[in-house]
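Next come the chains, spelled out residue by residue.
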Amino acid sequence: MLFLYSFGLRLYAMLLQLVASFVPKAARWVEGRQGLLPRIQAALLHETAPLAWFHCASLGEFEQGRPLMEAYAAQYPQHKIVLTFFSPSGYEVRQNWPGAAYVFYLPLDTAANARAFLDAVRPRLAVFVKYEFWYYFLTELHRRQIPTISVSAIFRPEQSFFRPWGGFFRRILGRFTHIFTQNDESVRLLREAGLTQASKAGDTRFDTVVRTAAAPPRSLPLVEAFVQDRAPVFIIGSSWPEDLPALTPLLQQYQQQLRFIVAPHEISETNLRLVEQALPGQVVRYSQADAATVGQSRVLLMDNVGLLSQLYRFGQYAYIGGAFGKGLHNTLEAAAFGLPLFFGPTYGKFQEAKDLVALNCAFPIQQPNDLLRSFAYLYHDEAARLRVLDDSLEYVHQSSGATERIMRWIEGKVVK
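Thresholds, definitions, all that
- Residues numbered from 1 in each chain as written.
- Predicted model: local features only at pLDDT ≥ 70, side-chain atom pairs only at ≥ 80, totals over all residues.
- Heavy atoms only, no water.
- Helix = DSSP H or I, 4+ residues; strand = E, 2+ residues; numbered from the N terminus.
- Rg over C-alpha atoms; globule rule 2.2 N^0.38 Å.
- Buried < 20%, exposed > 50% of the residue type's maximum accessible area, 1.4 Å probe, protein only.
- Contact = heavy atoms within 4.5 Å.
- Areas by Shrake-Rupley, 256 points an atom, 1.4 Å probe, with all protein chains shown as cover.
- Lys, Arg positive; Asp, Glu negative; His and termini not counted.
- Charge placed at Lys NZ, Arg CZ, Asp CG, Glu CD.
- UniProt positions renumbered as here; feature names shortened; annotations may be inferred.
- Pairing = 2+ DSSP bridges.
- Axes fitted to C-alpha atoms, helices over the stretch in contact; angles between N-to-C directions.

The next thing to look at is the overall build of the protein chain. Helix and strand counts for the protein chain come out as 19 helices and 14 strands. Taking 416 residues into account, the globule formula puts the C-alpha radius of gyration at 22 Å, and the protein chain, at 23 Å, falls close to it. Based on the C-alpha atoms only, the size of the protein chain along its principal axes is roughly 65 × 45 × 45 Å. For the protein chain, buried positions account for 56% of its 416 residues. Within the protein chain, contacts between residues at least 6 apart in sequence are counted, and of these 67% link residues at least 24 apart. Put simply, the protein chain shows about 18,400 Å² of open surface, and 53% of that area lies on carbon and sulfur atoms. On the protein chain, the mean spot of the 41 positive side-chain charges and the mean spot of the 36 negative ones are 7 Å from each other.

Let us now look at the environment of G281. Structurally, G281 is set in the loop between α13 (269–278) and β10 (283–285). Taking the C-alpha atoms as reference points, G281 and H265, separated by 16 residues in sequence, lie 22 Å from one another.

Before going further, it helps to examine the UniProt feature "active site" (unreviewed entry) in the protein chain. Mapped onto this numbering, the UniProt entry annotates "active site" (unreviewed entry) at E61. Its place among the elements puts E61 in helix α4 (residues 59–75). Sequence-distant contacts of E61, that is, excluding residues within four places in its chain, are made with C56, V129 and K130.

Turning next to the pairing of strand β5 (residues 148–153). Of all six residues making up β5, six are buried, and the element is well covered by its neighbours. Pairing of strand β4 (residues 123–129) with β5 involves four bridges; the strand directions are parallel. By the bridge assignment, A126 is partnered in β5 with T148. Pairing of β5 with strand β6 (residues 178–181), which is carried by three bridges, proceeds in the parallel orientation. Each bridged residue has a counterpart across the sheet, and for I149 the counterpart in β6 is H178.

Sheet architecture is open: seven strands sit in the order β10-β11-β9-β8-β12-β13-β14, paired in parallel fashion. Either end of the sheet is taken by a strand with one partner, and the two such strands are β10 and β14 (362–364). Each adjacent strand pair in this sheet contributes to an overall mean axis angle of 20°, direction not counted. Taken together, the three bridges between strand β13 (residues 341–343) and β14 define a ladder with parallel strand orientation. Across the sheet, L341 pairs through a bridge with A362, a residue of β14. Across the sheet, α13 is in contact with β9 (259–264), β10 and β11 (299–301); its angle to β10 comes to roughly 155°.

Our next topic: the sheet that holds strand β3 (residues 102–105). Pairing is parallel in the open sheet, where seven strands are placed in the order β3-β2-β1-β4-β5-β6-β7. Edge positions in the sheet fall to β3 and β7 (198–200), since each has one partner strand and no second. Averaged over all pairs of adjacent strands, the angle between strand axes in this sheet comes to 20°, irrespective of strand direction. Sheet topology note: the β6/β7 ladder contains three bridges and is parallel. Paired with I179 across the bridge in β7 is A198.

Below, the discussion takes up the environment of I406. By the element assignment, I406 lies in helix α19 (residues 402–411). We classify I406 as buried; its relative accessible area is 0%. A sequence separation of 226 residues divides I406 from F180, and the C-alpha atoms of the two residues are 7.6 Å apart. Filtering out sequence-adjacent residues up to four positions away, I406 remains in contact with L68, I149, V151, F180, A201 and T204.

And the structure:
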């Protein structure tokens with residue numbers, strides 16, 4: 001199995017090199033790893049401060065691990081953080097994040113790369129966020145007796161770890177010093193598989209969204225001008241083209257009663273034009289809007305990145321994209337402001353989404369016309385919308401605290 005694992009990774013890297021000329025994301029993945037280990041070694045050659053290594057697959061996992069990184073930096077100000085990413089979408093956005101002293105791509109998981117990387121970094125602690133399970137890195141960390149944890153992890157019975165033939169994958173999990181899960185079901189699965197070094201801490205993202213919602217709001221004059229008539233605002237966050245068949249009837253039917261703020265997941269000219277075609281003449285792009293006239297449009301189309309978490313405070317309702325395709329995007333940013341949530345059918349991998357549905361604070365859409373029906377119920381019943389607001393806020397606040405629980409464990413393992 002180890003041979004197949006190693007062969008599969010090398011084949012993956014070769015395929016990315018082959019398609020790099022045609023796929024920009026693959027090109028960035030390949031380019032970012034050229035000469036990577038020598039660059040890491042040179043950057044850390046004269047570093048004398050204690051280092052902690054945090055690894056995230058991409059941008060979403062970074063936001064999940066961010067509160068823990070910030071808490072670690074506050075607890076151990078004399079330490080420095082080394083942050084690695086597997087994906088270009090995480091590295092390119094956060095390569096200059098001031099909370100980390102060093103930001104790198106993760107070298108390909110081989111025995112030689114793991115040894116060379118850990119020789120250069122010499123971490124006091126290693127933290128893997130959510131879904132990152134790399135055999136050689138974890139094996140070398142375990143061999144060196146470096147405390148290594150997985151945080152905000154979530155497991156499901158159908159995963160390879162829990163299959164009769166999954167012994168190799170269970171051994172990977174066994175390399176962790178401790179696994180902090182999002183829910184009790186994950187702890188149960190791990191312990192039934194013989195992995196007892198696990199406990200429920202919760203999801204660190206709750207700590208981020210609680211803090212964001214409580215922080216002084218960022219000044220956004222264009223958005224403030226857009227919503228100044230106090231019409232109800234429907235926020236559409238991280239939308240994909242697959243979401244548009246459900247969204248278009250709603251936008252068309254309620255274009256005079258509501259204002260819509262649309263933030264596509266990928267800012268491309270193709271995606272922006274798809275939204276504009278849904279309501280010709282009613283859409284204004286954020287980059288082209290003017291505070292004096294923006295209110296004449298009914299749809300504000302966000303053609304930039306980084307503002308979505310701030311936009312939810314302007315809304316009364318939210319649609320979260322992705323669940324008509326590969327999977328649902330971040331629902332917690334909107335739930336932290338008490339917004340009723342709507343999303344497509346592919347949400348089963350996300351504990352918070354399942355919880356919000358069970359609380360009748362989120363409403364999954366199976367067919368495009370379902371959105372009109374579910375929205376009308378809340379739009380015409382203000383008491384029901386306010387009940388959702390209260391229940392969402394209570395859920396988010398009661399679910400926070402994972403960062404503190406994990407930090408208590410770290411304090412017993414890391415020497416100041």
